[in-house]
Amino acid sequence: MKEVIKKILTRLHIYHPLQSFYRRQIFERKKKKLQKQFAAYQGPGFTCNVCQAQYIKMAPDWPGPENRHALEKNKVIAGYGENILCPHCLSTARERLVLLMLQQHIPFVGKKILLLSPEKTIYSYLKEKASVITADISPGFYKSIDPHIQKEDARAFQFTDQSFDIIIANHVLEHIPQDEIAMKEMYRVLKSGGKAILQVPYSMDIPGTLETPGIQDAALQSALYGQRDHVRIYQLQDYIHRLQGAGFQVEEWDYEKLKPYYKNAIQKGESFLMILKN
């Protein structure tokens, strides 16, 4: 029944606007709730590098029961845990990490940036400082973030070679079948000397990447990969190997190297991959 209703609403061109409205309402209600709940924890401890709010502790975020087993069993670093959400602006640990790298290590002002599946926090920060093109295979979901978002399949971009100085696809590749084709396309449209931010959920406790080619079963995907629209769980070194196979140079900054940013409540245990096209 849900799929039938979805198809009808999509034909009427109102499914995505309704979804966006619904998500905004949930976001705003959650933000108000956390601001009230964590008011007593305001003060030195963690500093959000998005809104500059300070909290002794930030809000946790945990996976739903349908996703928890796969994530816990495979010890996936996937953006969940303690101190994930800023109670003031609701930025996430994964967004804060991306912005820290841009603020401290990847010059981006005035650059041409491709932002895939744009997160509002990241897009809002970049849009006044750089030339940002947003894109997704289902752009309707992101119209409320950027009305000008383009429809693009990451496995077959319409962009010409060497179009962008920076590509950001934060927690995107785990959604894409034939991810290695998408990696090669990202390499193709990135300028020589350009950098890519391609963070994904990953595990260091599995022998290899877990995936089932062609899988299209939301319940099974949650059970196997920890989210209804994920098609794999990457093993970190295999993920790096795939990126290198597409032509990228990859330097892993492990969690210890990111110690200066613990104060910004980044994801515990997460490495950052500095990805370069020569």
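Quick note: structure is the one above.
The structure displayed is predicted, hence computed values, not measured ones. (Residues numbered from 1 in each chain as written. Predicted model: local features only at pLDDT ≥ 70, side-chain atom pairs only at ≥ 80, totals over all residues. Heavy atoms only, no water.)

1. Brief notes about the sheet that holds strand E6 (residues 112–116)
Within a sheet, each strand pairs with its neighbour through backbone hydrogen bonds, oriented either parallel or antiparallel. This is how it is decided: Between any two strands, pairing holds if DSSP finds at least two bridges. Helix and strand assignments follow DSSP, with helices taken as H or I runs no shorter than four residues and strands as E runs no shorter than two, numbered in order from the N terminus. Residues are treated as being in contact if the distance between any of their heavy atoms lies within 4.5 Å. Helix axes are fitted to C-alpha atoms over the stretch in contact, other axes to C-alpha atoms as well, and angles between N-to-C directions run from 0 to 180 degrees.
Overall, mixed pairing links the seven strands, which are arranged E8-E7-E6-E9-E10-E15-E14 in an open sheet. Two strands bound the open sheet, and with one partner strand each, they are strand E8 (150–151) and strand E14 (249–253). Here four bridges tie strand E9 (residues 164–168) to strand E10 (residues 190–197), and the two strands are oriented parallel to one another. Bridging across to E10, Ile167 finds its partner in Ala196. Against the sheet, helix H6 (residues 179–189) contacts E6, E9 and E10, and its axis sits at roughly 130 degrees relative to E10. The sheet strands contacting helix H8 (residues 236–245) are E14 and strand E15 (272–276), and the helix crosses E14 at an angle near 155 degrees.

2. What to know about the side chain of Asn83
Condition: Under the rule applied, a polar contact is a pair of N or O atoms within 3.5 Å (in protein, one hydrogen donor and one hydrogen acceptor; residues adjacent in sequence only if both atoms are side-chain atoms).
Topologically, Asn83 is positioned in strand E5 (residues 81–85). A polar contact of 2.9 Å, which involves the side chain of Asn83, links it to the backbone nitrogen of Met58. Dropping the residues within four chain positions of it, Asn83 is found in contact with Phe46, Lys57, Met58, Ala59, Pro60, Arg96 and Ala265.

3. What to know about the pattern of salt bridges
We apply this condition: We count a salt bridge whenever a side-chain nitrogen from Lys or Arg sits within 4 Å of a carboxyl oxygen from Asp or Glu. For the exposure calls, accessible area comes from a 1.4 Å probe over protein chains only, and a residue counts as buried if that area is under 20% of its type's maximum, exposed if over 50%, partly exposed in between.
The final tally for this structure, using the stated rule, is 12 salt bridges. Between Arg242 and Asp179 there is a salt bridge, and its shortest N-O distance comes to 3.0 Å. Note that Arg242 is positioned in helix H8 and Asp179 in helix H6, a separation of 63 residues in sequence. Of the two residues examined, Arg242 and Asp179, each falls in the buried class. For Arg242, the salt bridge identified is with Glu211, shortest N-O distance 2.5 Å.

4. Describing the sheet that holds strand E4 (residues 76–77)
Pairing in this open sheet of four strands is mixed, and the strands run E4-E11-E13-E12 from one edge to the other. One side of each edge strand has no neighbouring strand; the edge strands of this open sheet are E4 and strand E12 (210–211). Pairing geometry for E4 and strand E11 (residues 202–203), over two bridges, is antiparallel. From the neighbouring strand, Ile77 faces E11, where its bridge partner is Tyr202.

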